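Now for the letters of each chain:
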Amino acid sequence: NAAAAGSVVYFPAGTYNLATWSVYSLGKRLWLRGEGIQSTILKGTAAASFLSITADFRCSDLTLDTWSTAFNFSSLTTVLEAVLIEDVEIKTYLRGVYADTATVGAGVRNFAVRSCKFTTGTSYAILIELPTMEKMHIAGNVIKTCVQRGISLGDNTLLFADDRGEYIIDGNVVDGVSGGASSAFGII
């Protein structure tokens, strides 16, 4: 709450037990940064979500362990200019990076998820379904053991097809996707 828009919120190495955390609505541009995967661990509970994000956002160099939804962009009502999630591990989760809204005028112009690890998910690792999706960069991620889709971009209704741009999907490893309507990768 105290960080000014545009600030870096730095987590030194260690394990931060956030068992009493309630989902935080992040409505200002911030960069969350740790000391590295498995060096900085933000530990929650399976019932709690970490962040609901409605502003430009960057996150790097940390592990999120045991969250319902790690990063949720489903409350967007505008178009964000930049989201970058890199060198982050998300483990024991329902939804890792999740954006699902048909709100007209909602989306992201530059959305990157790079060099991340997703392990033991019970639903989606990366699901982005927004009316505006330009310059999607999903690269170098490792997704192991999830139940819905490993990477899902788009939806099969015109509600999500207003403004689409360049998609770069490169060097991802998706292994162990199971479930009824599951797939390792889907662009619709």
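None of the values given here were measured: they were computed from a predicted structure.

Conventions we followed
Residues numbered from 1 in each chain as written. Predicted model: local features only at pLDDT ≥ 70, side-chain atom pairs only at ≥ 80, totals over all residues. Heavy atoms only, no water. Helix = DSSP H or I, 4+ residues; strand = E, 2+ residues; numbered from the N terminus. Rg over C-alpha atoms; globule rule 2.2 N^0.38 Å. Buried < 20%, exposed > 50% of the residue type's maximum accessible area, 1.4 Å probe, protein only. Areas by Shrake-Rupley, 256 points an atom, 1.4 Å probe, with all protein chains shown as cover. Lys, Arg positive; Asp, Glu negative; His and termini not counted. Charge placed at Lys NZ, Arg CZ, Asp CG, Glu CD. Contact = heavy atoms within 4.5 Å. Pairing = 2+ DSSP bridges. Phe/Tyr/Trp six-rings, centres within 6.5 Å; stacked < 30°, edge-to-face > 60°. Lys NZ or Arg CZ within 6 Å of the ring centre and 35° of its normal.

(A) Structural context of the overall build of the protein chain. A tally of regular secondary structure across the protein chain gives zero helices and 21 strands. Relative to a compact globule of 188 residues, whose C-alpha radius of gyration would be 16 Å, the protein chain shows 15 Å and is just as compact. Counting only C-alpha atoms, the protein chain reaches 45 × 35 × 30 Å along its principal axes. Counting only residues that meet the buried cut, the protein chain has 46% of its 188 residues in that class. Of the roughly 8100 Å² that the protein chain leaves accessible, carbon and sulfur atoms contribute 52%. Both charge centroids of the protein chain, one from 14 positive and one from 17 negative side chains, sit 5 Å from each other.

(B) Expanded view of the environment of Phe73. With respect to the secondary-structure elements, Phe73 resides in the loop between β7 (57-72) and β8 (79-80). Sequence-wise, Phe73 and Gly165 are 92 residues apart; in three dimensions their C-alpha atoms are separated by 19 Å. With residues up to four places along the chain from it excluded, the contact list for Phe73 reads Ile53, Phe57, Leu80, Val83, Ile85, Val97, Tyr98, Ala99, Phe111 and Leu130.

(C) Region of interest: the sheet that holds strand β10 (residues 107-108). With parallel pairing, the four strands of this open sheet are ordered in space as β8-β10-β14-β18. Two strands in the sheet have a free side with no partner beyond their single neighbour: β8 and β18 (163-164). As defined by bridge partners, β10 adjoins strand β14 (residues 132-133) across two bridges and the pair is classed as parallel. Pairing of Gly107 across the sheet is with Thr132, part of β14.

(D) Quick look at the packing of aromatic side chains. Going through the model one piece at a time under the given rule, you end up with ten aromatic pairs. Ring geometry for Trp21 versus Phe50: centroids 5.4 Å apart, planes at 25°, classification stacked. Of this pair, Trp21 sits in the loop between β2 (14-17) and β3 (24-26) while Phe50 is found in the loop between β5 (40-43) and β6 (51-53), placing the two residues 29 residues apart along the sequence. Between Phe73 and Phe111 the ring centres are 5.3 Å apart and the planes differ by 70°, which places this aromatic pair in the edge-to-face class. Separated by 38 residues along the polypeptide, Phe73 in the loop between β7 and β8 and Phe111 in strand β11 (residues 111-114) bring together distant segments of the chain. Overall, Phe73 belongs to the buried group, its relative accessible area being 0%. Classification of Phe111 by relative accessible area gives buried; the value is 0%. Members of the aromatic cluster, each reached through a chain of ring pairs, are Trp21, Phe50, Phe57, Trp67, Phe71, Phe73 and Phe111. Lying over the aromatic face of Tyr98, Arg95 brings its terminal NZ or CZ to 4.1 Å of the ring centre.

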